[in-house]
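Reading the structure
Letter by letter, the chains look like this.
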Amino acid sequence: MCEEKQWNSTQLRRYDLELEQIPRLYYTDPKIDELISLNKPVVITGSNIIKTAKANWTPEYLEQNIGNAGHTVMLSKTHKFKYFDESKVLNKNNPHGIEFTPPTRKTKMKIGEFMRKLREWKPGNDRLYLQQPLNNTIGDLLVRDFINFDWEYINNKQSKHNWGPLTSNLILISQEGNVTPCHYDEQQNFFGQAYGYKRCILFPPSDFECLYPHPVYHPHDRQSMVDFDKPDYTRFPRFKFAKGYETVVEPGDVLYIPIYWWHHIESLMRGGPTISVNFWYKVGPTSLEYPLKDHQKVSITRNVEKMLLEVLQDPKEVGPLLRSMVLGRYT
Ligand SMILES: C[C@@H](CC(=O)O)C(=O)C(=O)O
Ligand SMILES: [Zn+2]
């Protein structure tokens with residue numbers, strides 16, 4: 001029986017992209033392990049992985065039970081919440097950082113204030129995105145829900161696929177229409193959707209040349225330089241060759257976002273607030289088998305950039321040196 005879809009395509013932002021569907025598989029399907037072992041995305045449906053979050057985590061419940069501490073809230077003047085690494089920004093404590101105007105502001109907000117600002121939001125106000133690591137500030141009922149996730153299923157996947165340790169779980173409460181622009185993480189990710197709908201667009205690590213990540217030293221390291229709302233095809237001509245995959249995750253779904261896969265995640269427009277909880281795992285022990293996997297090559301490019309910056313000191317010297325090494329010799 002196919003359930004009535006709870007959203008429509010007018011709630012999705014429009015991009016100049018060709019997108020295939022990410023497979024949605026019932027949690028007992030053995031093809032899930034096949035895809036995870038190939039570092040390919042898959043939506044796991046019908047599981048109990050985050051059953052208690054799907055059952056309980058409404059905005060009202062979280063307002064009552066997430067805990068009374070100040071939670072981390074990002075503020076943005078636009079719908080985009082492009083992540084940046086504060087440790088790479090020039091400031092009095094970080095003379096080696098670079099001049100950078102952050103596109104978002106991080107603040108601490110109690111849940112009551114956050115929810116009030118969400119309810120009273122008007123165009124022109126800063127947009128809000130609560131992004132709080134699950135830690136000891138979280139209320140007892142949420143801890144109980146978290147303990148009652150299907151850890152047998154989760155831990156089985158972690159060990160079967162040789163993932164490293166679980167490093168953190170982030171609780172995400174997003175305003176409708178918010179976008180986390182395209183980026184990759186250096187961790188395996190089980191992305192659980194508890195409330196509302198999020199559209200996820202993913203690209204494989206092999207699309208590195210089409211997505212133009214900022215240089216490693218930049219605060220926007222790992223983030224694509226391409227503005228999906230208004231792509232600059234002069235600066236980023238290969239963006240038109242990016243081959244993306246998409247899905248709209250619904251309450252109870254868990255999307256496997258493989259390590260080094262690019263992902264752009266948006267809360268549907270006019271869909272109300274959304275609530276997600278992710279599971280980030282360090283990469284496990286990996287042997288270098290040839291041919292190397294695409295994500296291993298991305299990891300190598302990062303090490304080359306870091307080493308060259310270490311030696312050259314001045315980022316402006318990295319490009320010319322690489323060009324002199326490659327042009328006419330390796331091209
Ligand atoms: C925070 C999340 C994006 C989002 O849900 O807005 C993400 O990038 C991740 O879980 O790796
Ligand atoms: Zn991410």
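Residues numbered from 1 in each chain as written. Chains lettered and ligands numbered in written order. Predicted model: local features only at pLDDT ≥ 70, side-chain atom pairs only at ≥ 80, totals over all residues. Heavy atoms only, no water.

Here we look at the coordination of the zinc ion (ligand 2)
- Protein coordination at the zinc ion (ligand 2) comes from His183 (NE2), Asp185 (OD) and His263 (NE2), with a distance range of 2.1 Å.
- For the zinc ion (ligand 2), the single-chain donor residues occur in sequence as H-x1-D-x77-H. One end of the pair, His183, is in strand β8 (residues 179-183); the other, His263, is in strand β13 (residues 262-267), and 80 residues separate them in sequence.
- Using a relative accessible area of 9% as the deciding quantity, one classes His183 as buried. (Donors = N, O, S within 2.8 Å, 3.2 Å for Na, K, Ca; no water. Helix = DSSP H or I, 4+ residues; strand = E, 2+ residues; numbered from the N terminus. Buried < 20%, exposed > 50% of the residue type's maximum accessible area, 1.4 Å probe, protein only.)

Some words on the packing of aromatic side chains
- Counted under the stated rule, the structure contains 22 aromatic pairs.
- Aromatic pair Phe146 and Trp151: ring centres 5.1 Å apart, planes at 70°, arrangement edge-to-face.
- In this structure an aromatic cluster arises from ring pairing among Tyr15, Phe203, Phe228, Tyr233 and Phe239.
- Across the ring face of Trp121, the terminal group of Arg127 is positioned such that the distance to the ring centre comes to 5.1 Å.
- In this structure, Lys157 is placed above the aromatic ring of Tyr153, and the distance from its NZ or CZ to the ring centre is 4.6 Å. (Phe/Tyr/Trp six-rings, centres within 6.5 Å; stacked < 30°, edge-to-face > 60°. Lys NZ or Arg CZ within 6 Å of the ring centre and 35° of its normal.)

Thoughts on the site of ligand 1
- Around ligand 1, a shell composed of Tyr129, Leu172, Thr180, His183, Asp185, Asn189, Phe191, Lys198, His263, Ile265, Asn278 and Trp280 is seen.
- Between ligand 1 and the protein, one listed contact pairs an oxygen atom with a side-chain N or O atom of His263 at 3.1 Å.
- For ligand 1, whose accessible area on its own is 310 Å², the fraction buried by protein is 96%.
- When residues of the shell around ligand 1 are traced back to their parent elements, those giving at least two are β8, β9 (188-195), β13 and β14 (274-281).
- Looking at the shell around ligand 1 residue by residue, the class counts come to five nonpolar, five polar and two charged. (Near = heavy atom within 4 Å. Polar contact = N/O pair within 3.5 Å; in protein donor to acceptor, adjacent residues only side chain to side chain. Areas by Shrake-Rupley, 256 points an atom, 1.4 Å probe, with all protein chains shown as cover. Nonpolar A, V, L, I, M, F, W, Y, C, P; charged D, E, K, R; others polar.)

Comments concerning the environment of Pro181
- Relative to the helices and strands, Pro181 is located in strand β8.
- When the C-alpha atoms of Pro181 and Gly164 are compared, they prove to be 26 Å apart, with 17 residues separating the residues in sequence.
- Apart from the residues within four sequence positions on either side, Pro181 is in contact with Lys80, Phe81, Lys82, His263 and His264. (Contact = heavy atoms within 4.5 Å.)

Overview of the nonpolar core
- Trp57, Phe114, Phe149, Ile173, Phe190 and Phe279 are the most contacted members of the largest nonpolar core, which totals 41 residues.
- Setting aside its immediate chain neighbours within four residues, Phe149 contacts Asn48, Ile49, Ile50, Thr52, Ala53, Trp57, Ile154, Val277 and Phe279.
- Core analysis: the second largest hydrophobic core is formed by 19 residues, Ile201, Cys210, Tyr260 and Trp262 among them. (Core = buried A, V, L, I, M, F, W, Y, C linked by side-chain atoms within 4.5 Å.)

Describing helix α6 (residues 151-160)
- When α6 is considered as a whole, its buried residues turn out to be Trp151, Tyr153, Ile154, Lys157 and Gln158. The arc that holds the buried residues of α6, viewed along the axis, is 165°, so those residues lie on one side.
- Looking at the buried side of α6, the elements it contacts are α1 (31-37), β3 (42-45), α5 (140-147), β7 (166-174), β9 and β14.
- The first or second residue beyond α6 is Asn162, which carries a positive phi of 55°. (Arc of directions from axis to C-beta.)

Quick look at the packing of helix α8 (residues 294-312) against helix α9 (residues 318-326)
- With their axes 10 Å apart at the nearest point, α8 and α9 run at an angle of 115° to one another. At the point where α8 passes α9, the crossing takes the right-handed sense. Between α8 and α9, the residues in contact are Leu308, Leu309 and Leu312 and Val318, Leu321 and Leu322, respectively.
- Residue composition of the contact of α8 with α9, by class: six nonpolar, no polar and no charged. (Axes fitted to C-alpha atoms, helices over the stretch in contact; angles between N-to-C directions. Left-handed = near helix turned anticlockwise from the far one by under 90°.)

Things to note about the sheet that holds β8
- If you walk across this open sheet you meet the five strands as β1-β11-β10-β13-β8, and the pairing is mixed. Lying at the two open borders of the sheet, with one neighbouring strand each, are β1 (19-21) and β8. Neighbouring strand axes in the sheet, compared pairwise and without regard to direction, differ in orientation by 25° on average.
- Of the strand pairs in this sheet, strand β10 (residues 198-203) and β13 are connected by six bridges, and their pairing is antiparallel. What sits directly across from Phe203, in β13, is Trp262. (Pairing = 2+ DSSP bridges.)

Some thoughts on the pairing of β9
- Counted residue by residue, β9 has seven buried out of eight residues, so it is predominantly covered.
- Examined bridge by bridge, β9 and strand β12 (residues 254-257) share four bridges and lie antiparallel to one another. Residue pairing across strands places Phe191 opposite Leu255, the latter belonging to β12.

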